[in-house]
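Inside the fold
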Amino acid sequence: MNESQTQSQTDTTSTDDASLKEYKSTLPGVLGTADNLISKIEAIVLAVGVLLMAANTIANVVGRFIFQNSLFFSEELNRILIIMITFAGISYAARQGRHIRMSAIYDALPGKGRKIMMIIIAVVTAVFMFGLCYYSFNYLLTQAGRGRVLPSLQIPVWITLVWVPFGFFMTGMQYALTAIKNIIEKDTYLSTAVLEGYDDDEMEV
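Residues numbered from 1 in each chain as written. Predicted model: local features only at pLDDT ≥ 70, side-chain atom pairs only at ≥ 80, totals over all residues. Heavy atoms only, no water.

End to end, helix 4 (residues 111-146) covers 52 Å across 36 residues, agreeing with the expected 52 Å (1.5 Å per residue, within 8%). Taken as a whole, helix 4 has its buried residues at Gly113, Lys115, Met118, Ala122, Ala126, Met129, Cys133, Ser136, Leu140 and Gln143. Buried residues along helix 4 sit in contact with helix 3 (104-108), helix 5 (157-160) and helix 6 (163-184). Among the residues trailing helix 4, glycine 147 stands out with phi positive, at a value near 70 degrees. (Helix = DSSP H or I, 4+ residues; strand = E, 2+ residues; numbered from the N terminus. Expected span 1.5 Å × (residues − 1). Buried < 20%, exposed > 50% of the residue type's maximum accessible area, 1.4 Å probe, protein only. Contact = heavy atoms within 4.5 Å.)

Contact geometry of helix 1 (residues 29-65) with helix 6 gives a least axis separation of 11 Å together with a crossing angle of 140 degrees. In the crossing of helix 1 with helix 6, the sense of the turn from one axis to the other is left-handed. Across from Leu31, Asp35, Ile38, Ile41, Glu42 and Val45 in helix 1, the residues of helix 6 making contact are Trp163, Phe166, Met170, Met173, Gln174, Leu177 and Ile180. Of the residues assigned to the contact of helix 1 with helix 6, the class counts are ten nonpolar, one polar and two charged. (Axes fitted to C-alpha atoms, helices over the stretch in contact; angles between N-to-C directions. Left-handed = near helix turned anticlockwise from the far one by under 90°. Nonpolar A, V, L, I, M, F, W, Y, C, P; charged D, E, K, R; others polar.)

On to the packing of helix 4 against helix 6. Where helix 4 meets helix 6, the axes come as close as 8 Å, and the angle between the chain directions of the two elements is 160 degrees. One element, helix 4, and the other, helix 6, form an angle in the roughly antiparallel class. Here the hand of the crossing between helix 4 and helix 6 comes out left-handed. Each residue belonging to the contact of helix 4 with helix 6 can be placed in one class, and the counts come to 20 nonpolar, six polar and one charged. (Parallel < 35°, antiparallel > 145°, perpendicular 65-115°, else oblique.)

Before going further, it helps to spend a moment on helix 1. Relative to the 54 Å expected for 37 residues at 1.5 Å per residue, helix 1 spans 55 Å between its end C-alpha atoms, a close match to the ideal helical length. Looking at helix 1, one finds that the buried residues are Gly32, Asp35, Asn36, Ile38, Ser39, Glu42, Val45, Leu46, Gly49, Asn56, Asn60 and Gly63. In this fold, the buried residues of helix 1 make contact with helix 2 (74-95) and helix 6.

The next thing to look at is the pattern of salt bridges. Applying the stated criterion across every chain yields a total of four salt bridges. Arginine 95 is the partner of aspartate 35 in a salt bridge, and the nearest nitrogen-oxygen pair spans 2.9 Å. Of this pair, aspartate 35 sits in helix 1 while arginine 95 sits in helix 2; the two residues are 60 residues apart in sequence, bridging distant segments of the chain. For arginine 95, a relative accessible area of 2% gives the class buried. With a shortest N-O distance of 3.0 Å, arginine 95 and glutamate 42 are connected by a salt bridge. With arginine 95 in helix 2 and glutamate 42 in helix 1, this pair connects stretches of sequence that are 53 residues apart. Like arginine 95, the residue glutamate 42 is buried in the burial classification. (Salt bridge = Lys/Arg side-chain N within 4 Å of Asp/Glu carboxyl O.)

A positive phi angle, close to 60 degrees, is found at glutamine 154, a residue other than glycine. Position of glutamine 154 relative to the elements: it lies in the loop between helix 4 and helix 5.

Next up on the list: the side chain of aspartate 35. A residue is classified by how much of its surface remains accessible, and aspartate 35, at 0% relative accessible area, is buried. Setting aside its immediate chain neighbours within four residues, aspartate 35 contacts Tyr23, Ser25, Leu27, Arg95, Gln174, Leu177 and Thr192.

In this section: the confidence of the model for the protein chain. Predicted confidence across the protein chain gives a mean pLDDT of 83, with 85% of residues reaching 70 or more. Of the regions scoring below 50 in pLDDT, residues 1-19 engages in 36 contacts with residues more than four places distant in sequence or in other chains. (pLDDT = per-residue confidence, 0-100.)

What follows concerns the side chain of serine 91. You can see serine 91 is positioned in helix 2. Sequence-distant contacts of serine 91, that is, excluding residues within four places in its chain, are made with Ile38, Glu42, Met170, Thr171 and Gln174.

What follows is about the packing of aromatic side chains. A complete count under the given rule lists five aromatic pairs for this structure. Aromatic side chains phenylalanine 72 and phenylalanine 73 sit 5.1 Å apart centroid to centroid with 90 degrees between the ring planes, which places their arrangement in the edge-to-face category. When the ring of tryptophan 163 is compared with that of phenylalanine 166, the centres are 5.5 Å apart and the planes differ by 85 degrees; the resulting orientation is edge-to-face. On the criterion of helical spacing, the pair formed by tryptophan 163 and phenylalanine 166 is a turn pair, its members being three residues apart in helix 6. (Phe/Tyr/Trp six-rings, centres within 6.5 Å; stacked < 30°, edge-to-face > 60°.)

If you want it as structure tokens, here you go:
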């Protein structure tokens with residue numbers, strides 16, 4: 001077990017704060033490189049999205065109440081940022097093992113059975129995520145073909161939807177890496193960063 005393990009996010013005594021340490025994948029070779037790259041992209045997109053949304057909202061409030069003139073593009077910009085944060089966030093949540101789990105059958109299985117089921121769950125979820133990525137990309141192309149633009153910002157609508165297939169692809173990659181992690185490691189992992197367990201036994205690596 002990695003020495004840098006900390007208490008899991010599922011422990012109700014310390015669920016509010018994720019680890020501030022830079023994520024380092026324990027997967028070998030190119031898989032570890034891909035995992036680290038995905039982690040960095042998630043962090044950058046989420047940080048930029050949240051900071052821009054905060055700055056945009058504050059600027060709009062200041063403009064409205066001090067200068068009596070709101071930013072005409074504020075609502076549209078926040079809508080774009082919400083899409084960006086949401087679909088980058090599903091990949092981040094998968095890495096932290098924070099997606100909702102229906103685990104009645106899973107919990108009833110012995111250790112080896114849970115490991116096999118976790119691999120199946122990760123593979124099936126990855127397939128669904130890549131499928132949604134494919135369909136959302138086709139939808140994006142359809143919107144691009146229509147040539148619609150946003151009323152205020154005057155940018156093509158399809159640009160605001162780029163984050164949808166991006167988020168599904170990143171999440172699919174995260175679940176695929178989780179399946180590989182469970183195949184090559186002895187322990188059972190909810191994600192590449194979270195070791196299976198409950199309360200004090202479940203660990204973030």
